[in-house]
Amino acid sequence: MEDGTAERIRPRDRILETARDMFHKHGIKGVGVDAITEAAGTNKMTLYRHFESKDDLVIECLRATACSANAMWEKFEAEHPGDKLAQLHAWVRMAADCLMVDGRGCDMANAAIELSETDHPARRVIKELKQAQRDRLVGLCRDAGIGQAELLADTLSLLLEGARVSLQSVGAEGPSAQFVRMAEGLIASFRGAAAR
């Protein structure tokens, strides 16, 4: 960071922002505390004053990711007040934009894969945060008048996760390029089934 920007950001926030970026780009296990502190322009003592361990830092990074996702939901509501179907379509467009902008995928899903130990403290947090996202999408589908809201939300979620993996494995020209078309088709199909 240039022009003293690093000094104006609180050390905890600087460490958290740096760790989120590095974990996203290189994976949790691919980044050590030394690399984080060096990139954040701080030291281990400062890191451990704010985070008891690397695991605690990982958990806080995941919670920060969830806060960013919450802001997305608030944006949908602000842009389409009271129109839940428009908000659902906005979710599809946002998901497609995320796919194309960043091929690294979902930080929480990546962490769940990387932290394979069932007793890792971050796994419980990942499960809670993913469940909260699912519940929010189910609620949006239900409020948009979809009869099988849970099934549509789960189908859209799995479609998005699959598109993320497809993008990483075969590139932007693969099946992930059809994400919007598929998701919109699913929404129309579920709405049509509810109307029958």
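All of these numbers come straight from a predicted model, not from anything done at the bench.

Here is what the cut-offs are and how they apply
- Residues numbered from 1 in each chain as written.
- Predicted model: local features only at pLDDT ≥ 70, side-chain atom pairs only at ≥ 80, totals over all residues.
- Heavy atoms only, no water.
- Axes fitted to C-alpha atoms, helices over the stretch in contact; angles between N-to-C directions.
- Helix = DSSP H or I, 4+ residues; strand = E, 2+ residues; numbered from the N terminus.
- Parallel < 35°, antiparallel > 145°, perpendicular 65-115°, else oblique.
- Contact = heavy atoms within 4.5 Å.
- Nonpolar A, V, L, I, M, F, W, Y, C, P; charged D, E, K, R; others polar.
- Disulfide = S-S within 2.5 Å.
- Buried < 20%, exposed > 50% of the residue type's maximum accessible area, 1.4 Å probe, protein only.
- Salt bridge = Lys/Arg side-chain N within 4 Å of Asp/Glu carboxyl O.
- Core = buried A, V, L, I, M, F, W, Y, C linked by side-chain atoms within 4.5 Å.
- 1 Å grid on protein atoms, 1.4 Å probe; cavity = no way out; pocket = protein on both sides within 12 Å on 5 of 7 lines; lining within 4 Å.
- Points joined across faces, edges and corners; volume = space filled by probe spheres on them.

**Q** Before we move on, could you go through the packing of helix H5 (residues 54–79) against helix H8 (residues 121–143) and cite the residues and values that matter?
**A** Their axes nearest at 9 Å, the elements H5 and H8 cross at an angle of 10°. It follows from the interaxial angle that H5 and H8 lie roughly parallel. Here Asp55, Val58, Ile59, Leu62, Arg63, Ala66, Ala69, Asn70 and Trp73 of H5 come into contact with H8, specifically with Pro121, Ala122, Val125, Ile126, Leu129, Gln133, Arg136, Leu137 and Leu140. Across the contact of H5 with H8, the residue classes tally to 13 nonpolar, two polar and three charged.

**Q** Help me get a handle on the state of the cysteines, residues and values and all.
**A** Following the criterion strictly, the structure yields zero disulfides and no others. The cysteine cysteine 98 is free of any disulfide, with cysteine 106 supplying the nearest cysteine sulfur at 9.8 Å. Exposure remark for cysteine 98: the relative accessible area of 39% places this residue in the partly exposed category.

**Q** An account of the pattern of salt bridges is needed here, citing residue identities and associated values.
**A** Applying the stated criterion across every chain yields a total of 15 salt bridges. We note a salt bridge from aspartate 34 to lysine 44, for which the minimum N-O separation is 3.2 Å. Pair noted here: aspartate 34 is in helix H3 (residues 33–40) and lysine 44 is in helix H4 (residues 44–50), with a separation of 10 residues, a long-range link. Since its relative accessible area comes to 48%, aspartate 34 is described here as partly exposed.

**Q** Just give me the short version of the nonpolar core, but keep the residues and values in it.
**A** By size, the foremost hydrophobic cluster in this structure holds 29 residues, and its most contacted members are Leu88, Trp91, Leu137, Cys141, Leu152, Leu156 and Phe179. For this core, the secondary structure elements donating two or more residues are H5, helix H6 (84–101), H8, helix H9 (149–170) and helix H10 (179–195). In contact with phenylalanine 179, not counting residues within four places along its chain, are Trp91, Val92, Ala95, Ala96, Leu99, Leu159, Leu160 and Ala163. Counting residues in each nonpolar core, the second largest holds 28 residues, with Phe23, Phe51, Met108 and Leu129 among its members.

**Q** Please set out empty space enclosed by the protein residue by residue, giving values where relevant.
**A** Taken as a whole and assessed by the stated rule, the structure comprises one cavity of 30 Å³ or more. Volume-wise, the largest cavity comes out at about 130 Å³. Lining the largest cavity are 14 residues, and of these Phe23, His24, Ile28, Leu62 and Asp107 sit closest to its centre. Taken together, the elements giving at least two residues each to the lining of the largest cavity come down to helix H2 (11–26), H5 and helix H7 (107–114). In terms of residue class, the lining of the largest cavity is built from six nonpolar, four polar and four charged.

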